[in-house]
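The residues making up each chain are set out below.
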Amino acid sequence: MGSASSTLTQYDIEDVQEHCNNLFSQQEIVSLYQRFCQLDRTAKGFISADEFLSVPEFAMNPLSQRLLKMVDGLNFKDFVIFLSAFNPKASMPQKIELIFKVYDSDYNGKVTFNDIMEEVLIKVMKEAGYSKDSSLLLDDFVKILDHPGLKMDVEVPVD
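Keep in mind that what you see is a predicted model, and the values were worked out from it rather than measured. (Residues numbered from 1 in each chain as written. Predicted model: local features only at pLDDT ≥ 70, side-chain atom pairs only at ≥ 80, totals over all residues. Heavy atoms only, no water.)

Undergrad: Quick question: what am I supposed to make of the overall build of the protein chain here?
TA: Counting its secondary structure elements, the protein chain contains 9 helices and 0 strands. Secondary structure elements in the protein chain, listed N-terminal to C-terminal, are α-α-α-α-α-α-α-α-α. The burial tally for the protein chain puts 30% of its 159 residues in the buried class. Restricting to contacts in the protein chain with at least 6 residues of sequence separation, those with at least 24 account for 48%. Counting every atom, the protein chain has about 10900 Å² of accessible surface; 57% of that belongs to carbon and sulfur. (Helix = DSSP H or I, 4+ residues; strand = E, 2+ residues; numbered from the N terminus. Buried < 20%, exposed > 50% of the residue type's maximum accessible area, 1.4 Å probe, protein only. Contact = heavy atoms within 4.5 Å. Areas by Shrake-Rupley, 256 points an atom, 1.4 Å probe, with all protein chains shown as cover.)

So, in structure tokens, the structure goes:
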């Protein structure tokens, strides 16, 4: 399992299955291994960010740049563990953990305001009917930000 040219043994399959909390059947793991080998064009036993970008669905994902940092250099076992969060059988905590890791851009185990601010702003703009590329006039800006749940309290130090 160390390189993409090797074959999976029953032990390898069971080991990977255990590490992904049995979210994939043995046949699914074999299929994932075949896909992994297709992506690992250099047959080094890991997938680079460039190789991941060859998957159209991945390249089109709006979070692909953040995801690339997470997937660059994954070996097969880590590849399956990464994909397990996308499995319909994955628990909500598993899915939330992946989202947390996506937004933890400096990999320090913390999500800061700056880590998520751009995505939150884009979501708010889309909900208000604007695209990511929209230019906002003052009236537009007020429309987006003028709602009761938004707190705009600012403390100004007087010392």
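Moving on from the model shown.
Undergrad: Help me out: how do you make sense of the UniProt feature "domain: EF-hand" (unreviewed entry) in the protein chain in this one?
TA: Per the UniProt record, "domain: EF-hand" (unreviewed entry) is annotated on residues 27-62 and 91-126. Between the C-alpha atoms that bound residues 27-62 there is a distance of 30 Å. The span itself is 61% helix and 0% strand. (UniProt positions renumbered as here; feature names shortened; annotations may be inferred.)

Undergrad: Help me understand the nonpolar core in this model?
TA: Soluble, globular proteins show a tendency: their nonpolar side chains are buried together. If you look at the biggest cluster of nonpolar residues, it comprises 28 residues, and the most contacted ones within it are Phe-52, Phe-76, Phe-79 and Val-80. With 5 residues, the single largest contributor to this core is helix 2 (residues 26-39). Counting the residues that make up this core, at least three belong to each of domain 1 (10-89) and domain 2 (91-149). (Core = buried A, V, L, I, M, F, W, Y, C linked by side-chain atoms within 4.5 Å. Domains from an automatic or database assignment.)

Undergrad: Quick question: what am I supposed to make of the packing of helix 1 (residues 10-19) against helix 6 (residues 76-84) here?
TA: Geometrically, a packed helix pair is captured by the angle between its two axes and the distance between the axes. Across the interface, helix 1 lies against helix 6 with an axial gap of 9 Å and an inter-helix angle of 40 degrees. For the crossing formed where helix 1 meets helix 6, the hand is right-handed. Contact residues: Asp-15, Val-16 and His-19 in helix 1; Phe-76, Lys-77, Val-80 and Ile-81 in helix 6. (Axes fitted to C-alpha atoms, helices over the stretch in contact; angles between N-to-C directions. Left-handed = near helix turned anticlockwise from the far one by under 90°.)

Undergrad: Just checking my understanding: could you explain the packing of aromatic side chains for this structure?
TA: Within a pair of aromatic rings, the relevant descriptors are the distance that separates the centres and the angle that separates the planes. A full pass over the atoms with the stated rule returns 6 aromatic pairs. Summarising the aromatic geometry, the rings of Phe-52 and Phe-79 are spaced 6.0 Å apart at their centres and angled 50 degrees between planes, so their arrangement reads as tilted. With Phe-52 in helix 3 (residues 49-52) and Phe-79 in helix 6, this residue pair connects regions lying 27 residues apart in the sequence. The class of Phe-52 is buried, set by a relative accessible area of 4%. Exposure remark for Phe-79: the relative accessible area of 3% places this residue in the buried category. Arranged with centres 5.5 Å apart and planes meeting at 65 degrees, the rings of Phe-82 and Phe-86 form a pair that is edge-to-face. According to the relative accessible area criterion, Phe-82 is buried, its value standing at 10%. A relative accessible area of 49% places Phe-86 in the partly exposed class. Taken together, Tyr-33, Phe-36, Phe-52, Phe-76 and Phe-79 form an aromatic cluster joined through their ring pairs. (Phe/Tyr/Trp six-rings, centres within 6.5 Å; stacked < 30°, edge-to-face > 60°.)

Undergrad: Would you mind showing me how to read the side chain of Glu-51 here?
TA: With respect to the helices and strands, the residue Glu-51 is situated in helix 3. Although Glu-51 lies buried, it forms no salt bridge, and the closest oppositely charged side chain, Arg-41, sits 4.6 Å away as judged by the N-O distance. At 3.4 Å, the side chain of Glu-51 forms a polar contact with the backbone nitrogen of Thr-42. Ignoring sequence-local partners within four residues, the contact set of Glu-51 consists of Leu-39, Asp-40, Arg-41, Thr-42 and Phe-46. (Lys, Arg positive; Asp, Glu negative; His and termini not counted. Salt bridge = Lys/Arg side-chain N within 4 Å of Asp/Glu carboxyl O. Polar contact = N/O pair within 3.5 Å; in protein donor to acceptor, adjacent residues only side chain to side chain.)

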